[in-house]
Amino acid sequence: MSRPLLVVVGDTLLDRDVEGAVNRVAPDAPAPVLDERSVTDRPGGAGLAALLAAGQGHDVALVTALADDPAAARLSELLTAAGIEVYALPLPGATPEKIRLRAGNQVLVRLDRGGEPVAPGTAPEAALQVLREATAILVSDYGRGVARHPELRRALEAAKAPIVWDPHPNGPAPVPNVRLVTPNESEVRKLTGDAGAGSRLATVQRAGHQLRQRWRAGAVAVTVGAAGAVLCHAGPTPLVVPTPTDADGDTCGAGDRFAATAALSLARGALVSEAVQEAVAAATAYVAAGGVTAALAPEEKPDDQERIGAAEAGRLLADVRARGGTVVATGGCFDLLHIGHLATLQAARKLGDCLIVCLNSDSSVSALKGPDRPLTRQADRARLLAALDCVDAVVIFDEPTPEAVLTWLRPDVWVKGGDYADGGPDLPEAELMHRWDGQTVIVPYLDGRSTTNTIAAAQAAATRR
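These figures come from a predicted structure and were not determined experimentally.

So, a nonpolar patch on the surface
No. 1: Residues Val22, Leu108 and Val109 make up a contiguous nonpolar surface patch of roughly 220 Å² in combined accessible area.
No. 2: Structurally, Val109 can be placed in strand β7 (residues 106-113).

As C-alpha cells, then:
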C-alpha cells in the first residue's frame, strides 16, 4: 500500500539564529557587541510545518514560493535533506529571512530581510498535480501571498483530500468547505475585530462561530495556548479540549504541529473532534519536549552504550564545565532498580546540569553484599540506568568505594539518599569532596524501598508457595 501524502501549502522563509556572547559595548555607539559563536539555519513558516510533519510514517510535499537567491538554495537543501518534496513557484525579489541575534537565550534583535510580500509567479503543473494526489492538505498561511495565488486556490477548491487551513490576519479567507480552520486566540480576535467582551471562552466561541459562518468552513478550532483548544462546529455548544499535561517552554512551531497532526488525523478517517484532541496532545508534547530546538535537533543514536564509560563521562564533563554548568554525581549498586532508586536519581538531577552515576561493578557488589549478589550483572544495570532521562552518564568502578572515580570526576555536588538524613556521622565521601570545594548533600529516601527488602519479600512469597 502507498504511504499517505501530506501536502503543505504556504509561505516559506529562512530562520537563522546567530548565537554569541556579549562582553562589551561598541565604542562608536551605545550598542552591545555580539561575538558570534554559532549559526543555525532552519526552514520557517510553511517550511517548518512541513519539516515537523516529515518522518512520521507518511510522505510530505511542500508547495511554496522561492526566489533565485542563496536563501532559497539553503532552504531547498534543508528541506530536501529531510525527505520533503519541494514544488516551488517562482518568487520575484528575495526569499524572506528572519535573523535573530541571541545571547544567553535572549533575542537581542531580529533582522527581517525580503521586503514587502510579492505575488508569486505561475504555478508549475507538478505543483497542481501533487494537490490532486494528496491524502491530506495543510495550508500554512504566513500572509506573503502563496495562499492567495489564484491557480493554487482553484486547485484547493477542487481537491478531494481533507483540508486544514492555518490562517494569517494578513492572508486571504480559506477556500469554501475547508474541513477545519485553526487560528490561535490572537488571530481570531484580529480576523473578527472582536474586542473580547465577556469571558475568554465566550469571546473565543463567539469569534470562532463567526469565522466558521463567514468562511463556510466545516469547523474552527481556536488554539488557546496552555488551555488547549476550543472547537466551534455546527452545533451551538463548543467542544473544549484541554491540554493533557502542563507544558512550559518554547511554543514556536506548536501551531504548525497542531495543524499538521489534525490534517493527518482527518486523512485517517477521524472525526473532527477526534482530530482536534489528537492535535492538542501532539502540540502539548511538542512544547514539553523542548519545542522547535529539540524537534529539529540531530537524532541521537539509540545505543545506550554511548552514555556508559569513562570516555563518555569525560566528554560530558568537558561540555558542561565549558558552559559554566554544575556537575552532579551519585553512586551505588542499583541492583534490582526500584522506585526508591528512581526518586533519588530524579532529585539528584535537579541539583545541576548533568548527573553522572558511579556504579559498583559486579566484583565490588559481591564484596559488599555477599556472594549471592548482584542479581543483575553490571552491563545490564548500567544500561538500565543510562536509559533513564535523569541520568546523563554511567561510570563503573571496581573498588569498594567510589573514591578513585570521584577523584578524577571532581563533581561539584555528591548526592546520597536517605541513610544519613537524620544526622549522625558525616558522609564518607565528604572529606574527599572538600579537596576541590565540592559539596555533599542528602536527598530524601522512600521508606520501605530497598533492594534488600525487595529480595526478602520475593523469597518470602516463594516460600509460602
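Examining the packing of helix α1 (residues 46-53) against helix α7 (residues 254-267)
No. 1: As a packed pair, α1 and α7 sit with axes 9 Å apart at the nearest point and diverge in direction by 60°. Relative to α7, the element α1 is oriented oblique. Handedness of the crossing formed by α1 with α7: right-handed. When α1 is examined against α7, the residues Leu48, Ala49, Leu52 and Ala53 are found in contact with a partner set consisting of Asp256, Arg257 and Ala260.
No. 2: Residues belonging to the contact of α1 with α7 are distributed by class as follows: five nonpolar, no polar and two charged.

Examining the packing of α7 against helix α8 (residues 272-288)
No. 1: It is the contact of α7 with α8, at a shortest axis distance of 8 Å, that shows an interaxial angle of 145°. Classified by chirality, the crossing of α8 by α7 is right-handed. On the side of α7, the interface is formed by Ala254, Arg257, Phe258, Thr261, Ala262, Ser265 and Leu266, while α8 contributes Val272, Glu274, Ala275, Val276, Glu278, Ala279, Val280, Ala282, Ala283, Tyr286 and Val287.
No. 2: Class assignment for the residues of the contact of α7 with α8 results in 13 nonpolar, two polar and three charged.

Thoughts on the sheet that holds strand β17 (residues 413-417)
No. 1: As summarised here, the arrangement of the five strands in space is β16-β15-β14-β17-β18, forming an open sheet in which the pairing is parallel. Strands at the two margins of the open sheet, each flanked by one partner only, are β16 (393-397) and β18 (439-443). Each strand of the sheet is rotated relative to its neighbour by a mean of 30°, with strand direction disregarded.
No. 2: In this sheet, β16 lies alongside strand β15 (residues 354-360) in parallel orientation, the contact comprising five bridges. Looking at the pairing, Val357 lines up with Val394 of β16.

Considerations on the nonpolar core
No. 1: Val7, Val9, Val63, Ile137, Leu152 and Trp165 are the most contacted members of the largest nonpolar core, which totals 42 residues.
No. 2: When neighbours within four sequence positions are excluded, Val7 is seen to be in contact with Ala61, Val63, Val130, Leu131, Ala134, Ala136, Ile137 and Leu138.

Let's talk about empty space enclosed by the protein
The rolling of a water-molecule-sized probe over the atoms marks out the regions of remaining empty space.
No. 1: Counted by the stated rule, this structure contains two cavities of 30 Å³ or more.
No. 2: Here the largest cavity is characterised by a volume of approximately 60 Å³.
No. 3: Lining the largest cavity we find Asp11, Thr12, Thr64, Ala65, Leu91, Pro96, Val118, Arg144 and Val146.
No. 4: Its residues assigned to classes, the lining of the largest cavity comprises five nonpolar, two polar and two charged.
No. 5: Forming the boundary of the second largest cavity are Leu91, Pro92, Ala94, Gly114, Glu116, Pro117, Val118 and Arg144.
No. 6: The residue makeup of the lining of the second largest cavity, split by class, is five nonpolar, one polar and two charged.

A word on the pattern of salt bridges
No. 1: Considering all chains together, one arrives at 20 salt bridges under this definition.
No. 2: For Arg74, the salt bridge is made with Glu77, and the minimal N-O distance between the two is 3.0 Å. Here Arg74 pairs with Glu77, and both are found in helix α2 (residues 70-81), just three residues apart, close to one helical turn.
No. 3: For Arg132, the salt bridge goes to Glu125, with nearest N and O atoms at 2.5 Å.

Brief notes about unusual backbone geometry
Leaving glycine out, the prevailing phi sign among residues is negative, and the prevailing peptide bond configuration is trans.
No. 1: For the bond from Arg373 to Pro374, the omega torsion is 5°, close enough to zero to count as cis.
No. 2: As for its position among the elements, Pro374 is in the loop between α12 (362-369) and α13 (378-386).
No. 3: Backbone geometry at Leu336 places phi at a positive 55°, although glycine is not the residue there.
No. 4: Here Leu336 shows up in the loop between β14 (327-332) and α11 (339-349).
No. 5: Here Leu336 falls in the partly exposed class, since its relative accessible area comes to 30%.

Concerning the sheet that holds strand β6 (residues 97-103)
No. 1: Taken together, four strands build an open sheet; the order of strands is β3-β2-β6-β7 and the sheet is mixed. Either end of the sheet is taken by a strand with one partner, and the two such strands are β3 (32-45) and β7. Ignoring which end each strand starts from, the neighbouring axes of this sheet average 20° apart.

Overview of the state of the cysteines
No. 1: Throughout the structure, instances matching the rule amount to zero disulfides.
No. 2: Left unpaired, Cys358 is separated from the closest cysteine sulfur, that of Cys354, by 11 Å.

Some remarks on the pairing of β14
No. 1: Extensive coverage of β14 is indicated by the burial of six of its six residues.
No. 2: Covered by surrounding structure in β14 are Val327, Ala329 and Gly331 together with Val328, Thr330 and Gly332, the residues of both alternating faces.
No. 3: As paired elements, β14 and β15 share six bridges and run parallel to each other. Across the sheet, Gly332 pairs through a bridge with Leu359, a residue of β15.

Quick word on α8
Because an α-helix completes one turn every 3.6 residues, residues spaced three or four positions apart along the sequence face the same direction.
No. 1: The terminal C-alpha atoms of α8 lie 24 Å apart, and with 17 residues this matches the ideal 24 Å at 1.5 Å per residue to within 8%.
No. 2: Looking at α8, one finds that the buried residues are Val272, Ala275, Val276, Ala279, Val280, Ala283, Thr284, Tyr286 and Val287. End-on, the buried residues of α8 take up no more than an arc of 165°, which puts them together on one face.
No. 3: A positive backbone phi angle near 120° is found at Gly290, which sits one or two residues after α8.

A closer look at the environment of Glu306
No. 1: Residue position: Glu306 is located in the loop between α9 (291-295) and α10 (310-322).
No. 2: Remark: the alpha-carbon pair of Glu306 and Arg383, spanning 77 residues in sequence, is separated by 9.9 Å.

Quick word on the side chain of His209
No. 1: Relative to the assigned elements, His209 resides in helix α6 (residues 200-215).
No. 2: We classify His209 as buried; its relative accessible area is 13%.

Cut-offs applied
Residues numbered from 1 in each chain as written. Predicted model: local features only at pLDDT ≥ 70, side-chain atom pairs only at ≥ 80, totals over all residues. Heavy atoms only, no water. Patch = residues over 30% accessible without salt bridge, like charges linked within 9 Å, V, L, I, M, F, W, Y side chains within 5 Å. Areas by Shrake-Rupley, 256 points an atom, 1.4 Å probe, with all protein chains shown as cover. Salt bridge = Lys/Arg side-chain N within 4 Å of Asp/Glu carboxyl O. Helix = DSSP H or I, 4+ residues; strand = E, 2+ residues; numbered from the N terminus. Axes fitted to C-alpha atoms, helices over the stretch in contact; angles between N-to-C directions. Parallel < 35°, antiparallel > 145°, perpendicular 65-115°, else oblique. Left-handed = near helix turned anticlockwise from the far one by under 90°. Contact = heavy atoms within 4.5 Å. Nonpolar A, V, L, I, M, F, W, Y, C, P; charged D, E, K, R; others polar. Pairing = 2+ DSSP bridges. Core = buried A, V, L, I, M, F, W, Y, C linked by side-chain atoms within 4.5 Å. Buried < 20%, exposed > 50% of the residue type's maximum accessible area, 1.4 Å probe, protein only. 1 Å grid on protein atoms, 1.4 Å probe; cavity = no way out; pocket = protein on both sides within 12 Å on 5 of 7 lines; lining within 4 Å. Points joined across faces, edges and corners; volume = space filled by probe spheres on them. Disulfide = S-S within 2.5 Å. Expected span 1.5 Å × (residues − 1). Arc of directions from axis to C-beta.

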